[in-house]
There are 2 protein chains.
Amino acid sequence: MKLLLIGFGVVGQGFAEILRDKAAELQQKHNFVAEIIGVVTASTGTLYRSNGLDIPALLEAAQGGSFALYPDQPGLRRGMTAGDMITAGDADVLVEVSPTDLETAQPALDYCHQALDAGLHLVLANKGPVALDYANLQAKARDKGLQMRYEATVMAGTPTMHLAEDALAGCAIRSARGILNGTTNYILTQMETGMSYDEALAQAQELGYAETDPAGDVEGWDAAGKVLILAKALFGGGLRLTDLDVSGITAISATDIAAAKAAGQRYKLIASATPAGGSVKATRLPLDDPLASIGGSTNAITLETDLLGDITLIGAGAGKLETGYALLSDLLAIQRRTSAT
Amino acid sequence: MKLLLIGFGVVGQGFAEILRDKAAELQQKHNFVAEIIGVVTASTGTLYRSNGLDIPALLEAAQGGSFALYPDQPGLRRGMTAGDMITAGDADVLVEVSPTDLETAQPALDYCHQALDAGLHLVLANKGPVALDYANLQAKARDKGLQMRYEATVMAGTPTMHLAEDALAGCAIRSARGILNGTTNYILTQMETGMSYDEALAQAQELGYAETDPAGDVEGWDAAGKVLILAKALFGGGLRLTDLDVSGITAISATDIAAAKAAGQRYKLIASATPAGGSVKATRLPLDDPLASIGGSTNAITLETDLLGDITLIGAGAGKLETGYALLSDLLAIQRRTSAT
């Protein structure tokens, strides 16, 4: 399987490390052999080699800050555009791991359409194209007998999408509700120990959980992007970000947390999607709700089904290898679905 | 897909109800069409019709207690043996839903081997053949390009096996630990409210959670069968029931429960499997362990992985439709894996 990567930040590098470290195991257990043949980045350069790039050298160059550090090799091409790589006819899958833009999804969205037009499967960690143009991308993929997969966009490698699409395929899913942002859950968990919101946020920033500008997390927009993806994947329809009822945790005070605790409840930032719409809201949960017990930066989701009742999945919601694994799991699923065992 | 059912008790009937009620949805969403062409029971009779039995009539006859109540139809054969049905050449899948025997796994085990020899895929709710002869059955299935699937044997339709085999395929799973028996979890949950063991057991029996002879549940053997299956599916090896360290909840007193509670802990009957072996033991868990929050008859499992850390799945562990769904999910997986999309 020959891969083009758009973006090579933490997630792309985590994925490359997994391919490097698990190559023998993946070949032996799953007859899975993948090569990265092209990488496009905004700031580090671009590399292309139809016979496969050397992954250790690629990681070293990226960590050095420039693909100029990647050694010359027969067949190596530098400076190719994403479009030229997509249409060159060598790749099987476009792996989109560039940063999410929930307003335009560009330039990733154009690359995704070009890739499907050129006969490539799509695997995304970038939430933008899935959140904003799910229906068109999915229809185009289906028409061409290709797959679009996006496990990494919700709960990193914790297999939410595999669960919903494959394992629960024969069920009707009626709703999804979960804790889909680890930063805010970490802050709320710390506030339960008596910290103020500002203290907890500062600690989350120190630990690298929260960005210097934490608005995307604490105002609920990161979770909202995931709600859009879940709503479209589970229920279809043309929901937009502006249709969602989104608020974050910025208005939750230490007093609110204490009042909930006194009532035997706990505040969680609950993201939910139903066929009628979606929301992201700080919500008081009774302690016997499985979502109430989720502490720190862990994520969780409860899917309400017709035949199985509630199914809850708990796991990491972020992380280099955790998200890199999501991409691998999608590639394995593509292999399973395109080749009968 | 033409199905033979061995056994037609609660689970088999739940499965038939799902096929009856979801036929149109399954055909439309998954291009999945299944017919029950043969049913073998110990006490209700046997029915066979290569063009498919009428499911509503089959359910009505079963509920009336005898397949003699099933109306005559062109091509209908009564009284055929399981062996004759398997070798008749019409069926695609043997669905084994007869009661579990963890000592011999018979007669189900013989039927499973005959079915694989005859080119049929295997789907089991019966734990016996999987727990006792996993390696031979799996090797035979692989040699013949067939599949053996057994989602129903652990946590009913809650997709434990789909999670481990497909969604986590690229991870190494290092251990599994869970609450795999709903009856004992119900009893322990009730004891936390102040009931004695005997009172809680009596209530579980009244509600139909526990059998009149509750030994299989409360002494840990039901969970132990599931540990064997998990150990073999996840780690391979030739573990036997007698290799496991099994104790139940019969020695747990109200005083023990109160002492755990006072220490901020909770007793759970924890089933665990590692490459080195397995056990079923009443265990005190800290309240921040996701398994500690599992109340009533719910089941849960935590898989420890190399790339994703801990993944926990929570859901129903029993039930007519919940277990019937497991069989459907296995059939959908067989279809996915035998036909490229």
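Residues numbered from 1 in each chain as written. Chains lettered and ligands numbered in written order. Predicted model: local features only at pLDDT ≥ 70, side-chain atom pairs only at ≥ 80, totals over all residues. Heavy atoms only, no water.

*Asks:* Can you walk me through the overall build of chain A in this structure?
*Replies:* Within chain A, the secondary structure is distributed over 12 helices and 13 strands. Relative to its length of 341 residues, chain A is compact, with a C-alpha radius of gyration of 21 Å against a globular reference of 20 Å. Taking the principal axes of its C-alpha atoms as reference, chain A extends roughly 70 × 45 × 40 Å. Looking at the 341 residues of chain A, the share that counts as buried comes to 58%. Put simply, of all contacts in chain A between residues at least 6 apart along the chain, 67% involve residues at least 24 apart. (Helix = DSSP H or I, 4+ residues; strand = E, 2+ residues; numbered from the N terminus. Rg over C-alpha atoms; globule rule 2.2 N^0.38 Å. Buried < 20%, exposed > 50% of the residue type's maximum accessible area, 1.4 Å probe, protein only. Contact = heavy atoms within 4.5 Å.)

*Asks:* Before we go on, may I ask you to explain the relation of the copies chain A and chain B in this structure?
*Replies:* Two copies of the chain are present, and they differ by a rotation about an axis and a shift along that axis. With an RMSD of 0.0 Å, chain A superimposes on chain B once it is rotated by 180° and translated 0.0 Å along the axis. These values place the two chain copies in the arrangement generated by a two-fold rotation axis. Among all residues of chain A, the minimum C-alpha distance to the rotation axis is found for A:Leu313, at 2.3 Å. Of the interface residues in chain A, 100% have counterparts in chain B that sit at the interface too, so the contact is made through matching surfaces. (Least-squares fit on C-alpha atoms with pLDDT ≥ 70 in both.)

*Asks:* What is the right way to read the packing of helix H7 (residues 182-192) of chain A against helix H11 (residues 254-262) of chain A from this model?
*Replies:* Two quantities define a packed helix pair, namely the angle between the helix axes and the distance between the axes. Residues and elements named next belong to chain A. Interhelical geometry of H7 versus H11 gives an angle of 70° and a closest axis separation of 9 Å. The orientation of H7 with respect to H11, classified from their angle, is roughly perpendicular. Each of Leu188, Met191 and Glu192 in H7 lies in contact with H11, whose residues at this interface are Ala254, Ile257 and Lys261. Broken down by class, the residue content of the contact of H7 with H11 amounts to 4 nonpolar, no polar and 2 charged. (Axes fitted to C-alpha atoms, helices over the stretch in contact; angles between N-to-C directions. Parallel < 35°, antiparallel > 145°, perpendicular 65-115°, else oblique. Nonpolar A, V, L, I, M, F, W, Y, C, P; charged D, E, K, R; others polar.)

*Asks:* I would appreciate a short explanation of the sheet that holds strand S1 (residues 2-6) of chain A in the present structure.
*Replies:* By definition, the strands of a sheet pair up through backbone hydrogen bonds, in either a parallel or an antiparallel sense. Residue and element names in this part refer to chain A. Strand order in the open sheet formed by 7 strands is S4-S3-S2-S1-S5-S6-S7, with mixed pairing between adjacent strands. Pairing within the sheet leaves two strands with one partner each, and these edge strands are strand S4 (77-78) and strand S7 (148-149). The pairing of S1 with strand S2 (residues 35-40) spans 5 bridges and is classified as parallel. Note on S2: the bridge partner recorded for Leu4 is Gly38. Along the sheet, helix H4 (residues 108-117) contacts S1, strand S5 (93-96) and strand S6 (121-124); its crossing angle with S5, the most-contacted strand, is approximately 170°. (Pairing = 2+ DSSP bridges.)

*Asks:* Just to check I follow, could you spell out the pattern of salt bridges for this structure?
*Replies:* Side-chain pairs of opposite charge can arise whenever the charged atoms involved come near each other. Tallied over the entire structure, the rule returns 30 salt bridges over all chains. A salt bridge links A:Arg20 to A:Asp21, with the nearest nitrogen and oxygen atoms 2.8 Å apart. Residue classification places A:Asp21 among the exposed residues on the basis of a relative accessible area of 55%. For B:Arg78, the salt bridge identified is with B:Asp72, shortest N-O distance 2.9 Å. By relative accessible area, B:Arg78 is classed as partly exposed at 38%. Residues joined by salt bridges that share partners form a network here, namely A:Lys22, A:Glu25 and B:Asp306. (Salt bridge = Lys/Arg side-chain N within 4 Å of Asp/Glu carboxyl O.)

*Asks:* It is not clear to me how the side chain of A:Glu17 should be interpreted in this structure. Could you clarify?
*Replies:* Residue and element names in this part refer to chain A. Among the secondary structure elements, Glu17 is positioned in helix H1 (residues 10-30). Residue classification places Glu17 among the buried residues on the basis of a relative accessible area of 15%. Non-local contacts of Glu17, meaning those with residues more than four positions away in its chain, are made with Leu59, Gln63, Lys320 and Leu321.

*Asks:* Is there a simple way to explain the packing of aromatic side chains in this structure?
*Replies:* To describe a pair of aromatic rings, one takes the distance between the centres and the angle between the planes. All names here are of chain A. Within the structure shown, the criterion is met by 6 aromatic pairs over all chains. The interplanar angle of 85° and the centroid separation of 5.9 Å between the aromatic rings of Tyr134 and Tyr150 together place this pair among those described as edge-to-face. Of this pair, Tyr134 sits in helix H5 (residues 127-143) while Tyr150 sits in the loop between S7 and helix H6 (160-167), and the two are 16 residues apart along the sequence. The buried category is assigned to Tyr150, whose relative accessible area is 2%. (Phe/Tyr/Trp six-rings, centres within 6.5 Å; stacked < 30°, edge-to-face > 60°.)

*Asks:* What exactly am I supposed to notice about the interface of chain A and chain B here?
*Replies:* When the parts come together, some accessible area is lost, and that loss is often what is quoted as the size of the interface. Each partner contributes to the interface: chain A provides 42 residues, whereas chain B provides 42 residues. Summed over both partners, the interface of chain A with chain B buries about 3,400 Å², with 60% contributed by carbon and sulfur atoms. Viewed at the interface, chain B and chain A are joined by 4 salt bridges. Notably, a salt bridge pairs A:Lys22 with B:Asp306, separated by 2.5 Å at the nearest N-O pair. On the surface where chain A and chain B come into contact, there are 14 residue pairs in polar contact (both at pLDDT 80 or more). (Buried area = accessible area lost by both parts, 1.4 Å probe. Polar contact = N/O pair within 3.5 Å; in protein donor to acceptor, adjacent residues only side chain to side chain.)

*Asks:* Teacher, can you tell me more about the environment of A:Thr44 here?
*Replies:* By the element assignment, A:Thr44 lies in the loop between S2 and strand S3 (46-48). Between the C-alpha atoms of A:Thr44 and A:Thr302, which are 258 residues apart in sequence, the distance is 40 Å.

*Asks:* Looking at this structure, how should I read unusual backbone geometry?
*Replies:* One can expect most non-glycine residues to show negative phi and most peptide bonds to be in trans. Residues and elements named next belong to chain A. The omega angle of the peptide bond from Gln106 to Pro107 is 0°, so this bond is cis rather than trans. A positive phi angle, near 65°, is found at Ala105, a position not held by glycine. For Ala105, the position within the fold is in the loop between S5 and H4.

*Asks:* Help me out: how do you make sense of the sheet that holds strand S5 (residues 93-96) of chain B in this one?
*Replies:* Residue and element names in this part refer to chain B. Strands sit in the order S4-S3-S2-S1-S5-S6-S7 across an open sheet of 7 strands; the sheet is mixed. A single partner strand is all that each edge strand has here, and the edge strands are strand S4 (77-78) and strand S7 (148-149). Across 2 bridges, strand S3 (residues 46-48) lies against S4 in antiparallel orientation. Looking at the pairing, Leu47 lines up with Arg78 of S4. Contacts from helix H1 (residues 10-30) reach strand S1 (2-6) and strand S2 (35-40), with the element oriented near 155° to S1.

*Asks:* Would you mind going over H1(B) with me for this structure?
*Replies:* Residue pairs three or four apart in sequence face the same way in an α-helix, which turns once every 3.6 residues. Residue and element names in this part refer to chain B. Counted at 1.5 Å a residue, the expected span for H1 with its 21 residues is 30 Å, but the 26 Å between its end C-alpha atoms falls short. For H1, the secondary structure elements touched by its buried residues are S1, S2, helix H2 (55-64) and helix H12 (320-338). At the exit of H1 stands Asn31, carrying a positive phi of roughly 50°. (Expected span 1.5 Å × (residues − 1).)

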